[in-house]
Amino acid sequence: MRSYNIVYKKYGKYSAIIYSVSYLSPLEEISQISKDLKKKLKNGDCVLLDLLLSNGDNFNRFAEFCYDGSDIKVSEISLTDVSGDELKALNQYYKGRVKELNNSVLSPKERFVYATMK
């Protein structure tokens, strides 16, 4: 089972968003992510990582990198911040995803909040 889901949807400067789908970090599967991105992205496309389920709602929830067309270099991934309406839009991904939320590092209260987002 993969620890991530890639959504290929233009979101600001990002061409794709990678969501963690469990407590396991998608960064553990960086080579497979590179292969998946190669099918849809081009050199220079930027990608947002949403690590909510593996890192929690902490300072290191979001990271970004620009895809070079081949392999993702962990050293080129940097933390970023998302807030306001952008954060609300990203949080909508988790609405109703109870199975994924229950397999995360989030507390029961946090899982409920994300599962029932408005």
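Look up a bit, the structure's there.
Computed from a predicted model, the values in this text were never measured in an experiment. (Residues numbered from 1 in each chain as written. Predicted model: local features only at pLDDT ≥ 70, side-chain atom pairs only at ≥ 80, totals over all residues. Heavy atoms only, no water.)

Trainee: Just give me the short version of the overall build of the protein chain, but keep the residues and values in it.
Mentor: Secondary structure assignment for the protein chain yields 5 helices and 5 strands. The order of α-helices and β-strands along the protein chain, N terminus first, is β-β-α-β-α-β-β-α-α-α. Principal-axis analysis of the C-alpha atoms places the extent of the protein chain at approximately 40 × 30 × 25 Å. Per-residue burial for the protein chain yields a buried fraction of 46% across its 118 residues. In the protein chain, the proportion of contacts linking residues at least 24 apart, taken out of those at least 6 apart, comes to 57%. Total accessible area on the protein chain is roughly 6800 Å²; 53% of this is exposed by carbon and sulfur atoms. Charged side chains of the protein chain number 18 positive and 15 negative; the gap between the two group centres comes to 7 Å. (Helix = DSSP H or I, 4+ residues; strand = E, 2+ residues; numbered from the N terminus. Buried < 20%, exposed > 50% of the residue type's maximum accessible area, 1.4 Å probe, protein only. Contact = heavy atoms within 4.5 Å. Areas by Shrake-Rupley, 256 points an atom, 1.4 Å probe, with all protein chains shown as cover. Lys, Arg positive; Asp, Glu negative; His and termini not counted. Charge placed at Lys NZ, Arg CZ, Asp CG, Glu CD.)

Trainee: Describe the pattern of salt bridges, naming the residues involved and giving the relevant values.
Mentor: The final tally for this structure, using the stated rule, is 7 salt bridges. In this structure, Arg61 and Asp50 form a salt bridge, with 2.8 Å as the shortest nitrogen-oxygen distance. Highlighted residues: Arg61 in the loop between α2 (52-55) and β4 (62-66) and Asp50 in strand β3 (residues 46-50), separated in sequence by 11 residues. Look at Asp50 and you get buried, because its relative accessible area is 0%. Of the charged contacts, one joins Lys73 and Asp68 as a salt bridge, the two residues approaching to 2.7 Å between their closest N and O atoms. One continuous salt-bridge network, built from bridges that share partners, spans Asp50, Asp57 and Arg61. (Salt bridge = Lys/Arg side-chain N within 4 Å of Asp/Glu carboxyl O.)

Trainee: Before we move on, could you go through the state of the cysteines and cite the residues and values that matter?
Mentor: Under the defined criterion, the tally for this structure stands at 1 disulfide. In this model, Cys46 is linked to Cys66 through a disulfide, with the two sulfur atoms separated by 2.4 Å. Since a negative S-S torsion denotes a left-handed disulfide, the Cys46-Cys66 link at about 55° is right-handed. Of this pair, Cys46 sits in strand β3 while Cys66 sits in strand β4, and the two are 20 residues apart along the sequence. For Cys66, a relative accessible area of 44% puts it in the partly exposed group. (Disulfide = S-S within 2.5 Å.)

Trainee: Any chance you could break down empty space enclosed by the protein for me, citing the residues and the numbers?
Mentor: The probe, sized like a water molecule, is rolled over the atoms to show the empty space still left. Per the stated rule, a full pass over the model turns up 1 cavity of 30 Å³ or more. As a volume, the largest cavity reaches approximately 30 Å³. For the largest cavity, the full set of lining residues is Phe65, Cys66, Tyr67, Asp68, Asp71, Ile72, Lys73 and Glu76. (1 Å grid on protein atoms, 1.4 Å probe; cavity = no way out; pocket = protein on both sides within 12 Å on 5 of 7 lines; lining within 4 Å. Points joined across faces, edges and corners; volume = space filled by probe spheres on them.)

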